[in-house]
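The lines below spell out each chain.
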Amino acid sequence: MQHEITTAQPLLDENGNLRQAGYCKKLLPVYRRRDIKAGAIHIKEWDYYLINNGRFAVALTIDDNGYMGLDSISLLQLEEGWEVTKSPMRILPLGKTGLPESSAAGDVSISGKGYHLSFRHEGADRVLDFHMEDFQNGTPIDGRIRLTDEPEESMVICTPFDKPRHFYYNQKINCLRASGTVTAGGRTYTFDPADSFAVLDWGRGVWTYHNTWYWGSASGQVDGVPFGWNIGYGFGDTSAASENMLFYGGKAHKLSRVTFHIPRKDGGDDFLSPWTFTSDDGRFEMNFVPVLDRAACTDFKLLKSDQHQVFGRFTGIAVLDDGQVIRVEDFPGFAEKVENKW
């Protein structure tokens, strides 16, 4: 049994702990940075957008981890099997980045030497602007992407850690339609809202030092109906709820537990061989064929981030709350494994 939060209330109590652990389908708990009972150096806040049409993709991040900030732009050419990522770092932003306390309102922009990113609301739309001078082979990247048709429901989860005043508050908004253009390396990439979709990963919290997480996401449409999912696990106390959820026609359908089966080779993960995904309730059964591993490892001993975000295509079934079976074939998405010491 998974606990659903159904009323709006402050996210944290007077001691800085979650009032309720569990999930909801809208951003009901109210996040207020001033309610956190931890130093600014320990607070982690980020907005991450991924826009994907199965042929190419763009990922954008504005991140404030207290002791460091990370501003990232990725261009992924999935058909050709290459990617470029540039991630300038900022030292000790300590919350000065100004990430909003709600995903539904508030804008954020950041700039540094030779680059800028901005995420802003225009009515019901979201507009993402970005530029970086030295991005691909000495040439710049420029882009403006508009996201529309935000679904009524999304994945929202409040996850405690086994340590007082530590928590993760997260919303994933799937199936945002995307339009716009990106120019890089002398080429123009056009996102058509007929087949281009985005996900927002909106995260706020105070984490423990060493964690490994698994996350998978896909957004598209089946027979003209927007469809996608969020799956994941690996950190915190998820006994109250998992973050696994399907999205169909703007409505969320809660799943139980999903397991990532990453193949192994020579004693390590073989990220580019086919994966499988299974669920304890039989409602999410997928095969996954990778096409690109966006791998990055930064290791400063005390601080470490080892990331494998693997893009590819899913084939299998997902079952909605009413028993309707959704079948997908070669459905674009990604799955990742990330280890952090932070």
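Residues numbered from 1 in each chain as written. Predicted model: local features only at pLDDT ≥ 70, side-chain atom pairs only at ≥ 80, totals over all residues. Heavy atoms only, no water.

Draft legend 1. Structural detail: the environment of Glu-14. Within the fold, Glu-14 resides in the segment before β1 (22–24). Its relative accessible area of 59% is what places Glu-14 among the exposed residues. Spatially, the C-alpha atom of Glu-14 lies 8.6 Å from that of Lys-37, the residues being 23 residues apart in sequence. (Helix = DSSP H or I, 4+ residues; strand = E, 2+ residues; numbered from the N terminus. Buried < 20%, exposed > 50% of the residue type's maximum accessible area, 1.4 Å probe, protein only.)

Draft legend 2. Region of interest: the pairing of strand β24 (residues 304–319). Bridge count between strand β23 (residues 284–299) and β24: 15 bridges; the pairing is antiparallel. Pairing of Ala-295 across the sheet is with His-308, part of β24. Where β24 folds back onto strand β25 (residues 325–341) in an antiparallel hairpin, the turn is made up of five residues, including Gly-323, whose phi is positive at roughly 95°. (Pairing = 2+ DSSP bridges.)

Draft legend 3. Representation of the environment of Cys-158 in the model. The topology assignment puts Cys-158 in strand β11 (residues 155–160). Here Cys-158 falls in the buried class, since its relative accessible area comes to 2%. Along the sequence, Cys-158 and Lys-96 sit 62 residues apart, while their C-alpha atoms lie 24 Å from each other.

Draft legend 4. A look at empty space enclosed by the protein. Considering all chains together, one arrives at three cavities of 30 Å³ or more under this definition. Looking at the lining of the largest cavity, the elements that each hand over two or more residues are β2 (43–52), β14 (197–206), β15 (210–222) and β25. Looking at the lining of the largest cavity residue by residue, the class counts come to seven nonpolar, four polar and no charged. Approximately 80 Å³ is the volume found for the second largest cavity. Asp-47, Tyr-49, Gly-106, His-121 and Arg-126 are the residues nearest the centre of the second largest cavity, which is lined by 14 residues in total. Only β2, β8 (115–122) and β14 provide two or more residues apiece to the lining of the second largest cavity. Broken down by element, the residue count for the lining of the second largest cavity peaks at three residues, all from β8. (1 Å grid on protein atoms, 1.4 Å probe; cavity = no way out; pocket = protein on both sides within 12 Å on 5 of 7 lines; lining within 4 Å. Points joined across faces, edges and corners; volume = space filled by probe spheres on them. Nonpolar A, V, L, I, M, F, W, Y, C, P; charged D, E, K, R; others polar.)

Draft legend 5. Summary view of the nonpolar core. Ile-51, Leu-117, Phe-130, Ile-141, Ile-145, Leu-147 and Phe-167 are the most contacted members of the largest nonpolar core, which totals 45 residues. Broken down by element, the residue count for this core peaks at seven residues, all from strand β12 (residues 167–184). With near-sequence residues (within four places) excluded, Leu-117 lies in contact with Leu-60, Thr-61, Ile-62, Asp-71, Ser-72, Ile-73, Val-108, Ser-109, Ile-110, Asp-129 and Phe-130. Listed in part, the 26 residues of the second largest apolar core include Tyr-214, Leu-255, Phe-260 and Leu-320. (Core = buried A, V, L, I, M, F, W, Y, C linked by side-chain atoms within 4.5 Å. Contact = heavy atoms within 4.5 Å.)

Draft legend 6. Representation of unusual backbone geometry in the model. We note that Asp-149 has phi near 55°; this positive angle belongs to a residue other than glycine. Looking at where Asp-149 falls in the secondary structure, it is placed in the loop between β10 (139–148) and β11. A positive phi is found at Asp-266, a non-glycine position, where the angle reads about 55°. Within the fold, Asp-266 resides in the loop between β20 (264–265) and β21 (268–269).

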